[in-house]
Amino acid sequence: MPETSAALPTFPLPASPCASDDLQRALREQQSLLDSAAVGIVFIRQRSIVRCNQRLADIFQLGSSADAIGRSSQLLHPNREVFHALVRDALPLLLKGQSWRGEHQMRRSDGALFWAHLTGRLVNTQDSREGSVWTVDDIDDQQRVRAMLATFERENQLLFEHALAGIVFLRNHRLTRCNRHFEDMLGYGQGELLGASSRAWFPSDRHWQQAGRQCYPVLQQGGSFEGRLKLRAKDGRTLVCLVRSKALDAGDPSLGSIWIIVDVTGQHQSQAQLRQLHARLQQQFDERTHELNQTVQSLQHQIRNRQQDREHIYHLAHYDALTQLPNRTLLAERSHEAIARAAAGGGSVAVMFLDLDNFKHINDSLGHATGDALLVEIARRLRQTVRGYDTVARLGGDEFVLLLPGASEQGAARVAEKVQHMLRQPFSIDRNELNVALSMGIALYPQHGSDFAALLQCADTAMYHAKATGRDDFRTFTPQMQRQASRALQLESALRKALERGQLSLHYQPQITLDNGKVSCVEALLRWHHPQLGDITPSEFIPIAENSGQILSIGEWVIRSALAQLRRWHDLGLTWLRVAVNLSALQFRQPRFPQLIEQLLQECRIAPDMLELELTEGVAIDNPHQAVATMRQLHAQGVRMSVDDFGTGYSSLNQLKRFQIYKLKIDQSFVRDLDNDGNDRALVSAIIRMAQALGIRTTAEGVESQAQLDYLREQGCCEVQGYLFSAAQPADVIQAFLLQHAA
Ligand SMILES: Nc1nc2c(ncn2[C@@H]2O[C@@H]3COP(=O)(O)O[C@H]4[C@@H](O)[C@H](n5cnc6c(=O)[nH]c(N)nc65)O[C@@H]4COP(=O)(O)O[C@H]3[C@H]2O)c(=O)[nH]1
C-alpha cells in the first residue's frame, strides 16, 4: 500500500451515552464486517496502519489485527523503491477520487515476498491526509497456479506445434484445430483445413464412413480408438496412418474429439518391401534348401555308391569271384588275427590245404562251366562242413584252404575226415554225376610255423605228400616233409645246370621177346649223377623236372641221345634193335611234338618204327581229344606208342583202341607178386588177353624171377623186361649184352 500524504479515514466517535452505545454497536458491526471479509483490509494514515482486519494481519503474519496497528505501511512492501513506485503510480488516480487496482508484490513480516491484488481508495479525495483504505487479496497461490498454467499452456503449445504426429481436434466431424504437422502431412497450407470436414482427408466416402463406424462407437464409450487408416493427401496421394483418437468428453459428444495421426506410409511400404523381401528370401531359402536337399541327397547317393564301390572293391579284393569264398588276401588277414589270438591265449590254429584230385580232367572233359559249377558246389559243401568261425578260402583253380582257429591236430584230422566224407557224396552237375576226391595237407600253429605264409607252405607240402602218396587222403605236416620239400627245391635248382654240366646220362634196359629170346628193344632210362648229391633216382627228379617244366628240354635231350645211341648200335649192325623212351605228359602235350620227333628221327637217320614212345595213362587225361590227335599223327608217321605202367591209371579198353597203342607195359607192381597173389595173376592174365584181343602187344616190367617169367610166357605175354635179364646199364655195358644176345 502506498504511503500517501492523505490520512486514512477515522471512525466518528459517539457524542452521548446513547450515541455511544450506538457507536459501540456500529464499531462492533464494522469490526465483524472487517473480520468476516475474505480479503485483508487496512486503513493507513500518515504511512502507518491505523486499523486492519484479522485477515490482513494473517496475510502479513503480523499476529492479531491489534498488533498491526501503528506499524509502518512501508514495511508491507519489499523495499522503499517498490513502495515509492506504487505511490507514484496510484496517487494521481486516488486523488481523482478513483480506486487504484493492481497486482503488486508485497512482503510478509518474515521477509517473504508474495503477490497481492491491491485496491486502494482515499477516504477523502479532498483531503488525502485522512488516509486511505486498501484491500489486499493474497493471490500468490493463484499467481503460482497461473504461472504453472501458462507454462503448461506453453508446453502444450510447443508439443502441439512440434509434435511429430498430426494432432487434430474435430467437432461434428469438422476440424476445429490442428497442428502444422497435420497440414504438412496432407500437403495443406496453414489454416487451410480449419472448419473442413474430415471427409477431406479420406480417399473416398466409403473409407470415411468405414473409419467413422470403426472409431465413434469406441469414443462414445469413453475408450480410445487405435488403428491403421488410409488417408488421402491434398494431391491425392494415399497415406497409411496410425490413428489414435479419443472423445474430449465421452459424455458430451458435442465437445468433439482429438485425433493423433502418424504417417506410417514409409514404414508401411518398408514393411511391405520387407515382407516382399522376406518372401523372396524365404523363396530363395526354400529354393536353396531344396537345392541343398537335392545336393545332400545326391551326395548321400554318391556316398552310398562310393560305399558300395568300396564294398565292391573290398569284396573283389578279398573274395573269390566264382565261389564268393574269401581269397588269399582275406585268408591271410584272418590267419594273422587267428594266430595273434592263439599267441595271446596259448591256443592253436590249423591251416588245411585242399587240392582236388584230377580236377583238370573234369574241366577238360566236361567243360569249364561244369568245372566251375562243381567248384561252387564244393565251396558250398565245405562251408557247411566247418563251423561258423572257421574260414573256407579259395586260392584259385582247384585249391581251397580251411583256416580252423583253435583246432588241434586231432581236431583238424577230424575236419579232414568230415570233408572226405562230404565229398564222397556224388555231385550232380548238369545231369552229370561226378565223384570228387581231394588231397589235404594240415599244418598247425605253433608247431609248424609262426605266421600264415609258413603255415600255408607247410600245409601245401603236406598236401603234396598226400597227393604223392596215393591221393584222396590227408597228411599232417612233418619236418621230414619239409626236408623233402627243401631237397626238392635243392634238386630243382641243381637240375637246371645238370644238362649243361653233363651230369645226365642214359642207361638202357633190354626188353626180351619171349618167342625167340632176343633183345628186340632197349628202354632208355635217365640217370643223374651230381658231384655232391651223388646219384639221384629218376623217380625223385623226374617229378621235379615235370613240375618245374625242365622236363621239356631234358626230354628232348633224352630222345636225341637215345636215337643217337641207336644210330651207333645200328651202325654196329644191331639193325633190328629199337629204342623205347619215356615221355612225360607235358612233353606229349607240346603242340609241335610230332614234328619234333620227326626232326629228331631225321637227324639220327632212324626209321620211325624203331622208336617206341612210352606214355603213361595220364597223358590222355588232360585233353583226350588232343592226345588222340597227337597219337594219330605219330602213328601215321610210323612211330610206335606203348602205355607204360598199365593197370595203375585210368585207361579204358575203348581208349586203348582209339589211342592207336602198339604195346601195353604191364606195371611191375602186378608182376612183383605174381608168385603169391592170385589177384595179380588174374589181372595180368586178363590184361594180356585183352591186349591180344585188341591186337596190342604186351611187355611185362620188373621181371625178376623165373617163376614170373614162366607165368608170363604161359599167359602169352610178348616181351619181358627186368633184373632177371639185366638191370638198366650204361650204353657200353648194355652194348656187350646186346652183342652177346645177338649172336
Ligand atoms: N624193382 C625192379 N625195378 C626194375 C626192374 N627192371 C627195371 N626196373 C626199373 O623200373 C623202372 C622202369 O621204368 P619206368 O616204369 O618207365 O619208370 C621210370 C620212368 O617212369 C621214369 N623215367 C626214367 N627215365 C625217364 C625219362 O627219360 N623220361 C621220363 N619221362 N621218365 C623217365 O622213372 C621211372 C623209374 O625209372 P628207374 O628208376 O630207372 O626204374 C626203371 C627200372 O630201373 C626189376 O626187375 N625190378
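No experiment lies behind these values; they were computed from the predicted model shown. (Residues numbered from 1 in each chain as written. Predicted model: local features only at pLDDT ≥ 70, side-chain atom pairs only at ≥ 80, totals over all residues. Heavy atoms only, no water.)

For the pair helix H9 (residues 328–345) and helix H13 (residues 452–468), the least separation of the axes is 9 Å and the interaxial angle reads 110°. One finds that H9 runs roughly perpendicular with respect to H13. Of H13, the residues touching H9 (which contributes Arg328, Leu331, Ala332, Ser335, His336 and Ile339) are Phe452, Leu455 and Leu456. Here the contact of H9 with H13 is composed, by residue class, of six nonpolar, two polar and one charged. (Axes fitted to C-alpha atoms, helices over the stretch in contact; angles between N-to-C directions. Helix = DSSP H or I, 4+ residues; strand = E, 2+ residues; numbered from the N terminus. Parallel < 35°, antiparallel > 145°, perpendicular 65-115°, else oblique. Contact = heavy atoms within 4.5 Å. Nonpolar A, V, L, I, M, F, W, Y, C, P; charged D, E, K, R; others polar.)

Tallied over the entire structure, the rule returns eight aromatic pairs. A centroid spacing of 6.0 Å and a plane angle of 70° characterise the contact between tyrosine 216 and tryptophan 259, whose relative ring orientation is edge-to-face. Taken together, the residues span a long stretch of sequence, with tyrosine 216 in helix H7 (residues 205–220) and tryptophan 259 in strand S10 (residues 257–263) at a distance of 43 residues. Judged by centre distance (5.0 Å) and plane angle (75°), the ring pair of tyrosine 508 and tryptophan 569 falls under edge-to-face. Here tryptophan 569 lies in helix H16 (residues 551–571) and tyrosine 508 lies in strand S18 (residues 504–513), a separation of 61 residues in the sequence. By relative accessible area, which is 0% here, tryptophan 569 ends up buried. Lying over the aromatic face of phenylalanine 114, arginine 108 brings its terminal NZ or CZ to 3.8 Å of the ring centre. Over the ring of phenylalanine 427 we find arginine 381; its NZ or CZ atom is 3.5 Å from the centre of that ring. (Phe/Tyr/Trp six-rings, centres within 6.5 Å; stacked < 30°, edge-to-face > 60°. Buried < 20%, exposed > 50% of the residue type's maximum accessible area, 1.4 Å probe, protein only. Lys NZ or Arg CZ within 6 Å of the ring centre and 35° of its normal.)

Turning to a nonpolar patch on the surface, a few remarks are in order. There is a patch of nonpolar side chains on the surface, built from Val145, Leu149 and Phe152 and spanning about 290 Å² of accessible area. As for its placement among the helices and strands, leucine 149 is situated in helix H5 (residues 140–162). (Patch = residues over 30% accessible without salt bridge, like charges linked within 9 Å, V, L, I, M, F, W, Y side chains within 5 Å. Areas by Shrake-Rupley, 256 points an atom, 1.4 Å probe, with all protein chains shown as cover. Salt bridge = Lys/Arg side-chain N within 4 Å of Asp/Glu carboxyl O.)

Moving on to the sheet that holds strand S12 (residues 391–396). Sheet strands line up and pair through hydrogen bonds in the backbone, either parallel or antiparallel. Spatially, the five strands line up as an open sheet ordered S12-S13-S11-S16-S17, and their pairing is mixed. The sheet is open, and its two borders are formed by S12 and strand S17 (474–476), each paired with just one other strand. Neighbour to neighbour, the strand axes of the sheet diverge by 20° on average, direction disregarded. Pairing between strand S11 (residues 349–356) and strand S13 (residues 399–405): seven bridges, direction antiparallel. Its bridge partner being in S13, leucine 354 is matched across the sheet by phenylalanine 400. (Pairing = 2+ DSSP bridges.)

A few words on the confidence of the model for the chain. The predicted coordinates of low-pLDDT regions are not to be read in fine detail. Taken over all residues, the pLDDT of the chain has a mean of 89, while the share at 70 or more is 95%. Per-residue pLDDT stays below 50 along residues 3–15; that stretch engages in 58 contacts with residues further than four places along the chain or on separate chains. (pLDDT = per-residue confidence, 0-100.)

Moving on: helix H12 (residues 409–424). With 16 residues, H12 extends 23 Å from end C-alpha to end C-alpha; this agrees with the ideal 22 Å at 1.5 Å per step. Here H12 has its buried residues at Ala412, Ala413, Val415, Ala416, Val419, Gln420, Met422 and Leu423. (Expected span 1.5 Å × (residues − 1).)

Counted under the stated rule, the structure contains 32 salt bridges. A salt bridge links arginine 25 to aspartate 22; the nearest nitrogen and oxygen atoms lie 3.1 Å apart. Taken as a pair, arginine 25 and aspartate 22 lie in helix H1 (residues 17–36) at a separation of three residues, close to a single helical turn. It is possible to trace a salt-bridge network through shared partners that takes in Arg578, Glu612, Lys663, Arg697 and Glu719.

Let us look at the sheet that holds strand S7 (residues 174–178). The five strands lie next to each other as S7-S6-S10-S9-S8, forming an open sheet whose pairing is antiparallel. Every interior strand has two partners, whereas the edge strands, S7 and strand S8 (224–232), have only one. Here the strands of the sheet are splayed against their neighbours by 35° on average, with no regard to which way each runs. Here five bridges tie strand S6 (residues 166–171) to S10, and the two strands are oriented antiparallel to one another. Bridged to phenylalanine 169 within S10 is isoleucine 258. Contacting S6, S8, strand S9 (238–247) and S10, H7 runs over the sheet at an angle of about 165° to S8. Relative to the sheet, helix H8 (residues 265–318) contacts S8, S9 and S10, its axis offset from that of S9 by approximately 125°.

On to the site of the ligand, then. Contacts to the ligand come from 22 residues, most closely from Gln509, Asn582, Asp644, Gln668 and Glu704. The separation between an oxygen atom of the ligand and a polar side-chain atom of glutamate 523 is 3.0 Å. At 3.4 Å, a side-chain N or O of serine 584 approaches a nitrogen atom of the ligand. Summarising the interface, the protein chains cover 83% of the accessible area of the ligand, which totals 780 Å² for the free molecule. Elements supplying a minimum of two residues to the shell around the ligand: strand S19 (518–530), helix H15 (538–548) and strand S23 (640–646). No other element matches the four residues that S19 contributes to the shell around the ligand. Classifying every residue of the shell around the ligand gives eight nonpolar, seven polar and seven charged. (Near = heavy atom within 4 Å. Polar contact = N/O pair within 3.5 Å; in protein donor to acceptor, adjacent residues only side chain to side chain.)

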